[in-house]
Amino acid sequence: MDFLDEPFPDVGTYEDFHTIDWLREKSRDTDRHRKISIKSKESYWELIKSLLDAWSGWVVMLLIGMLTGTLAGVIDLAVDWMTDLKEGVCLSALYYSREQCCWTSNETTFDDRDKCPQWQKWAELMTGHSEGPGAYVLNYFLYVLWALLFSFLAVSLVRVFAPYACGSGIPEIKTILSGFIIRGYLGKWTLLIKTVTLVLAVSSGLSLGKEGPLVHVACCCGNLFCSLFSKYSKNEGKRREVLSAAAAAGVSVAFGAPIGGVLFSLEEVSYYFPLKTLWRSFFAALVAAFTLRAINPFGNSRLVLFYVEYHTPWYMAELVPFILLGVRRKTTLLGKYPVLEVIVITGITAVLAFPNPYTRRSTSELISELFNDCGALESSQLCDYVNNPNMSRPVDDIPDRPAGPGVYSALWQLALALIFKIVITIFTFGMKIPSGLFIPSMAVGAIAGRIVGIAVEQMAYHHHDWIIFKNWCRPGADCVTPGLYAMVGAAACLGGVTRMTVSLVVIMFELTGGLEYIVPLMAAAVTSKWVADAFGKEGIYESHIQLNGYPYLDVRDEFTHRTLATDVMRPRRSEPPLAVLTQDSTTVEDVETLIKDTDYNGFPVVVSRESERLIGFVQRRELTVAIKTARQKQDGVVSSSVVYFTEDNPQVAEACDPQPLKLRRILNLSPFTVTDHTPMETVVDIFRKLGLRQCLVTRSGRLLGIITKKDVLRHMAQMMNQDPESIMFN
């Protein structure tokens, strides 16, 4: 009569927009592992199966790394081609970007480096004229037209086929990794649409990046491969370990920073990160980086995105401007915008971006130019310094020189670009297209940093006798590197937005290859975090989570209020009594009525309604599935059948009595309990560290009430004078 002697489908699964039970998932995995270990001693075949099960995690990591690296390489190549397509086309091969098109040109020389007959701008191709106001207007018009087309396709695909493909994805990934269920968010369709629309969105020229969405893409890959192995597909806790490693692989290919990816997953994204996940995250990030390196999308045989090589060290006195670069904070307004909003913002972005050479090009190219040191072969306006013909020094040791007209022209263009990037990014992030915030934030910081760097450089040149420059800045020496200030400024701005510290510094030195400049990066990152925390404790992702009402308990938040469990538990005095089941006196009809009339996720089981002595806790979904399956497969189970949650077999008094239903197997006999006088500070800590869905409140073994994750979040919101109803729950 114990119907559940054998497991059956759907028991142990969760409804959409519900929270998983971490303790239960861990217990189920321990039981599964114990059974495999016992069976492995019975035969060689079972031993082989146990070894395959043990290695399945590494196989999943290998597959995730390979697919993530491949997708990232394809996205990089497609973005380069489509970004250049807005300005012109390659006549020798339509699928070549400008750089690829000009690689084989024999007419490109050092003095005439922009000469490339194979690449033609649209005006030259259509009218035969490359110069003049007519050509400029035509190029301008087609640039805006292509941008509008790309953004319209992106928002249309997202809206029609995969609404979950919009945004960065990191706030939702953080919420999912904390134990929340959002079905379809990591599905195959979302993966396909996110990959395609990410290329379109970045190519449109909007102030967004592909780095954040690549984390979402990587987690979709992780979820895809989890479905191939029952070890992960049937255990939500184990699945989240894989997703944590996938997030590391996403950052690895986004920045070419495998170690930074692992630290980013540990510091910023993951909720539960055991040592085994650390090793596997490292392996997945490594495989993803190798795969991306094999594709070589940047064409420079390097993995890093913005490789820099500075020829001078930094000096202690420069820590002052480095720290000042950290005193910045960028506030981003988040919201939901319709399709028209995307088109309008794209149009405004394209119209304002085209006239300024620093906003017309892709953001990655802009950052790369801002990071670069001014060597003898550089042709950028930022390197237009006045040369002293009497100064003869090696190429790798160019001294500080007075700024020329090109530098001053670049400065006011950069100042306009800075204002443009700040304003337009505020309105871009949050639209219904894939949009990352890493690269736009770095661009804002890099522009500000380069401006500060040039200012310090010129002060040091013209006032080298000042006490601050006297010891380390001699005439004819190269003592200030403006590109380094751009790199530090980029790290500072990104740190202020995301509140990243350790992982940010590691990502930055992996991203640029500037290992020597860790101390300036650390100083700027820590300062930016302190300044940003003075305005508000939440980073951009935590703010997004709070805005969307996701049930996320941040481990970094402190709860210091002096309240007790009895102040938070349900039911309150004015509410009806707690809905419970008894261990041996409830009928199938009573259970079905209780399920129909309530929307609770589970029910405590007590000895009797008089004693209220707690026995255990049963989940609503498992109760529903068990009764439905019992009616179909077990003879004699009717509405008047008694449901037993006891260990002993119930005695059937007469043959005509309905067949009882024994559901001891789905009863959790060890639900987590606290007393009514437990401080809420302790309860909140328990919910965070154990990942509980609910906690029962007792006194001397007698059930008093229940505290759910929803109750904890509402209580914390009330204590912080926020609207407790702003939290989204099923």
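Figured I'd write up the structure that's included with this text. (Residues numbered from 1 in each chain as written. Predicted model: local features only at pLDDT ≥ 70, side-chain atom pairs only at ≥ 80, totals over all residues. Heavy atoms only, no water.)

Applying the stated criterion across every chain yields a total of two disulfides. Each disulfide pairs two cysteine sulfurs, and for cysteine 90 the partner residue is cysteine 101, the sulfurs being separated by 2.1 Å. Judged by the sign of its S-S torsion, about 80°, the bond between cysteine 90 and cysteine 101 is right-handed. With cysteine 90 in strand β1 (residues 88-90) and cysteine 101 in helix α3 (residues 98-102), this residue pair connects regions lying 11 residues apart in the sequence. For cysteine 90, a relative accessible area of 0% translates into the label buried. You can see cysteine 220 has no disulfide; the closest cysteine sulfur is in cysteine 221, sitting 7.0 Å from it. Accessibility expressed as a relative area gives 2% for cysteine 220, which makes it buried. (Disulfide = S-S within 2.5 Å. Helix = DSSP H or I, 4+ residues; strand = E, 2+ residues; numbered from the N terminus. Buried < 20%, exposed > 50% of the residue type's maximum accessible area, 1.4 Å probe, protein only.)

Negative charge collects at one region of the surface, where Glu538, Asp557, Glu558 and Glu681 lie side by side. The exposure class assigned to glutamate 681 is partly exposed, which follows from its relative accessible area of 47%. (Patch = residues over 30% accessible without salt bridge, like charges linked within 9 Å, V, L, I, M, F, W, Y side chains within 5 Å. Areas by Shrake-Rupley, 256 points an atom, 1.4 Å probe, with all protein chains shown as cover. Salt bridge = Lys/Arg side-chain N within 4 Å of Asp/Glu carboxyl O. Lys, Arg positive; Asp, Glu negative; His and termini not counted. Charge placed at Lys NZ, Arg CZ, Asp CG, Glu CD.)

Let us now look at the packing of helix α5 (residues 133-161) against helix α7 (residues 188-203). At a minimum axis distance of 8 Å, the contact between α5 and α7 shows a crossing angle of 160°. When the axis of α5 is compared with that of α7, the two are roughly antiparallel. As for how α5 packs across α7, the hand of that crossing is left-handed. For the pair formed by α5 and α7, the contact residues are Phe150, Leu153, Ala154, Leu157, Val158 and Phe161 on the first element and Trp189, Ile193, Val196, Thr197, Leu200, Ala201 and Ser203 on the second. For the contact of α5 with α7, the per-class residue count stands at 11 nonpolar, two polar and no charged. (Axes fitted to C-alpha atoms, helices over the stretch in contact; angles between N-to-C directions. Parallel < 35°, antiparallel > 145°, perpendicular 65-115°, else oblique. Left-handed = near helix turned anticlockwise from the far one by under 90°. Contact = heavy atoms within 4.5 Å. Nonpolar A, V, L, I, M, F, W, Y, C, P; charged D, E, K, R; others polar.)

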